[in-house]
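What follows is the residue order along each chain.
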Amino acid sequence: MKELLFTPKEFWQAQKDKEESGAKLWLTYMLPIVLAVAVAVFIGEFFKRTDFFIEYPLLKAIREVVLFVLMYFLGVFFTTELMKTFGGEKDAAAARKLVVYSMTPILLVSLLTGMFPFLYVLDIVGVYSFYLFWVGARNLLTLPENKESSYILITIVVNFFVFSFLSVFLSKLLNAYY
């Protein structure tokens with residue numbers, strides 16, 4: 001993770017030749033971080049409340065897990081499908097790596113802001129995910145040169161809007177239930 005965050009070009013170069021199954025990537029890298037985020041959100045919400053009821057913090061933690069799980073699958077889907085649109089070959093393995101590893105800053109910031117909700121202003125650090133995606137796509141994908149930047153930009157925008165929609169939708173659903 002340290003190499004990804006501080007030397008992303010070298011990290012993506014190493015990932016280009018590395019074969020990793022989607023299940024292994026999901027189970028050993030992303031799922032532990034998502035579960036840590038859920039625990040942090042639960043703790044942060046539980047101690048923020050004056051009534052100490054467990055239901056709302058638990059629902060909020062479940063919301064975070066559902067958000068990131070859906071974002072992973074939808075992100076991989078859109079990242080893969082857009083490859084062909086921009087003249088490349090569909091490469092689901094590369095799409096999985098791009099989505100999982102580029103979500104790392106968002107997950108780490110969510111871990112921090114989940115535990116300490118008053119630090120929500122740090123969410124802006126999640127924008128670093130876009131840079132990681134950009135660098136990763138340039139290293140992992142083979143797209144026509146004249147369409148590479150367009151693909152990366154469109155994919156980032158699509159995934160950002162999917163994430164935003166899911167976040168708002170799940171928040172509204174949670175608030176409607178509770």
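Everything discussed here concerns the structure shown above.
Sequence order sets the numbering: in each chain, residues are counted from 1 along the sequence as written. Per-residue local features of the predicted model are confined to residues with pLDDT of at least 70, and side-chain atom pairs are confined, for both listing and counting, to 80 or more; whole-chain, interface and lining totals are unaffected and use all residues. The basis for every side-chain value is the complete set of non-hydrogen atoms in the structure, without hydrogens or water.

Engineer: Requested: an account of the overall build of the protein, with residues and values cited.
Structural biologist: The number of helices and strands found in the protein is 8 helices and 0 strands. If you list the helices and strands of the protein from N to C, you get α-α-α-α-α-α-α-α. A compact globule built from 178 residues would reach a C-alpha radius of gyration of about 16 Å, and the protein, at 17 Å, matches this within 12%. In terms of its C-alpha atoms, the protein occupies a principal-axis envelope of roughly 55 × 30 × 30 Å. Only DSSP runs of H or I covering at least 4 residues are called helices, and only runs of E covering at least 2 are called strands; the numbering of each starts at the N terminus. C-alpha atoms define the radius of gyration, and 2.2 Å times the number of residues to the power 0.38 defines the globule rule.

Engineer: Tell me about the pattern of salt bridges, and please be specific about residues and values.
Structural biologist: What counts as a salt bridge is simple: a side-chain nitrogen of Lys or Arg found within 4 Å of a carboxyl oxygen of Asp or Glu. Following the criterion strictly, the structure yields 5 salt bridges and no others. Linking E45 and K60 is a salt bridge whose minimum nitrogen-to-oxygen distance equals 3.5 Å. With a gap of 15 residues between them, E45 in helix 3 (residues 22–48) and K60 in helix 4 (residues 55–85) connect regions that are remote in the sequence. Judged by relative accessible area, E45 falls into the buried class, the value being 6%. Residues participating in the shared-partner salt-bridge network are E45, K48 and K60. Burial classes follow relative accessibility: with a 1.4 Å probe on protein chains only, a residue under 20% of its type's maximum area counts as buried, one over 50% as exposed, and anything between as partly exposed.

Engineer: How would you summarise the environment of V37 if you had to cite specific residues and measurements?
Structural biologist: By the element assignment, V37 lies in helix 3. The contact partners of V37, leaving out residues within four places of it in the chain, are E64, F68, L107, S110 and L111. The criterion used for residue contact is that any of the two residues' heavy atoms lie within 4.5 Å.

Engineer: Quick one: what's the story with the nonpolar core, residue by residue and with numbers?
Structural biologist: Only buried residues count toward a nonpolar core, which is a set of Ala, Val, Leu, Ile, Met, Phe, Trp, Tyr and Cys residues joined through side-chain atoms within 4.5 Å. If you look at the biggest cluster of nonpolar residues, it comprises 41 residues, and the most contacted ones within it are W12, M30, Y101, L107, L141 and Y151. Going through the elements one at a time, helix 1 (2–6), helix 2 (8–17), helix 3, helix 4, helix 5 (92–102), helix 7 (128–140) and helix 8 (145–177) are the ones with two or more residues in this core. Here this core takes 8 residues from helix 3, the largest share from any one element. Among all residues touching Y151, those that are not within four sequence positions of it are T79, L82, M83, F86, L141 and L143.

Engineer: Could you give me a rundown of helix 3, with the residues and numbers involved?
Structural biologist: Every α-helix carries 3.6 residues per turn, so stepping three or four residues along brings you back to the same face. Taking 1.5 Å of rise per residue, 27 residues should cover 39 Å, and helix 3 covers 37 Å from first to last C-alpha, within 8% of that figure. Each residue is assigned a bend, namely the angle between axes fitted to the seven residues that terminate at it and the seven residues that start at it. In helix 3, a bend of some 40 degrees at M30 exceeds every other bend along the element, and P32, a proline, comes one to four places later. Expected helix span is given by 1.5 Å per residue-to-residue step, counting one fewer step than there are residues.

Engineer: Account for the packing of aromatic side chains, with residues named and values stated.
Structural biologist: Given two aromatic rings, their pairing is described by the distance between the two centres and the angle made by the two planes. Here the aromatic set is Phe, Tyr and Trp, taking the six-membered ring for Trp, and pairing holds for ring centres within 6.5 Å; pairs whose planes are under 30 degrees apart are stacked, those over 60 apart are edge-to-face, and all others are tilted. The final tally for this structure, using the stated rule, is 17 aromatic pairs. Ring geometry for F11 and W12: centres 5.4 Å apart, planes at 75 degrees, overall edge-to-face. Ring centres of F86 and Y151 lie 5.8 Å apart, and the angle between their planes is 70 degrees; this geometry places the pair in the edge-to-face category. Separated by 65 residues along the polypeptide, F86 in the loop between helix 4 and helix 5 and Y151 in helix 8 bring together distant segments of the chain. Here the two residues F86 and Y151 agree in accessibility, since each one is buried.

Engineer: Talk me through helix 5; I want residue IDs and the actual numbers.
Structural biologist: Burial runs high along helix 5: 8 of the 11 residues are buried. What helix 5 keeps buried is the set A94, A95, K97, L98, V99, V100, Y101 and S102. Each element contacted by the buried residues of helix 5 is listed here: helix 1, helix 2, helix 3, helix 4, helix 6 (104–115) and helix 7.

Engineer: Give me a nonpolar patch on the surface: which residues, what numbers.
Structural biologist: Patch membership is restricted to residues that have no salt bridge and whose relative accessible area is over 30%. Joining uses 9 Å for like charges and 5 Å for the nonpolar side chains Val, Leu, Ile, Met, Phe, Trp and Tyr. For every accessible area listed, the method is Shrake-Rupley and the probe measures 1.4 Å; residues are considered covered only by the protein chains on display. A grouping of L112, F116, F118, Y120, V121, L122, I124, V125 and V127 is seen on the molecular surface, where their side chains present a nonpolar patch of about 900 Å² in accessible area. Classification of V127 by relative accessible area gives partly exposed; the value is 43%.

Engineer: For the side chain of N139, give the residues involved together with the corresponding values.
Structural biologist: Relative to the elements of secondary structure, N139 occurs in helix 7. At a separation of 2.4 Å, a polar atom in the side chain of N139 contacts the side chain of Q13. Residue contacts for N139: discarding those within four places in its chain leaves K9, W12, Q13 and K16. A 3.5 Å cut-off defines polar contacts: any pair of N or O atoms within that distance qualifies, except that in protein one atom must be a possible hydrogen donor and the other a possible acceptor, and neighbouring residues in sequence count only when both atoms are side-chain atoms.

Engineer: Quick one: what's the story with the packing of helix 3 against helix 4, residue by residue and with numbers?
Structural biologist: Note on geometry: axes are C-alpha line fits, over the in-contact stretch for helices, and angles between N-to-C directions span 0 to 180 degrees. Helix 4 packs onto helix 3 with a crossing angle of 155 degrees between their chain directions and a minimal axis gap of 8 Å. Classified by the interaxial angle, the pair formed by helix 3 and helix 4 is roughly antiparallel. Both helix 3 and helix 4 take part in a crossing whose hand is right-handed. Along its contact with helix 3, which presents G22, W26, M30, V34, V37, A38, V41, F42, E45 and F46, the element helix 4 presents Y56, P57, L58, K60, A61, E64, V65, F68, V69 and Y72. The classification used treats Ala, Val, Leu, Ile, Met, Phe, Trp, Tyr, Cys and Pro as nonpolar, Asp, Glu, Lys and Arg as charged, and all other residues, Gly among them, as polar. Classifying every residue of the contact of helix 3 with helix 4 by side-chain character gives 16 nonpolar, 1 polar and 3 charged. Our angle categories are set so that under 35 degrees counts as roughly parallel, over 145 as roughly antiparallel, 65 to 115 as roughly perpendicular, and the remainder as oblique. Note on convention: the crossing is left-handed when the near helix lies turned anticlockwise from the far helix by less than a right angle, right-handed when the turn is clockwise.

These figures capture arrangement, not role.
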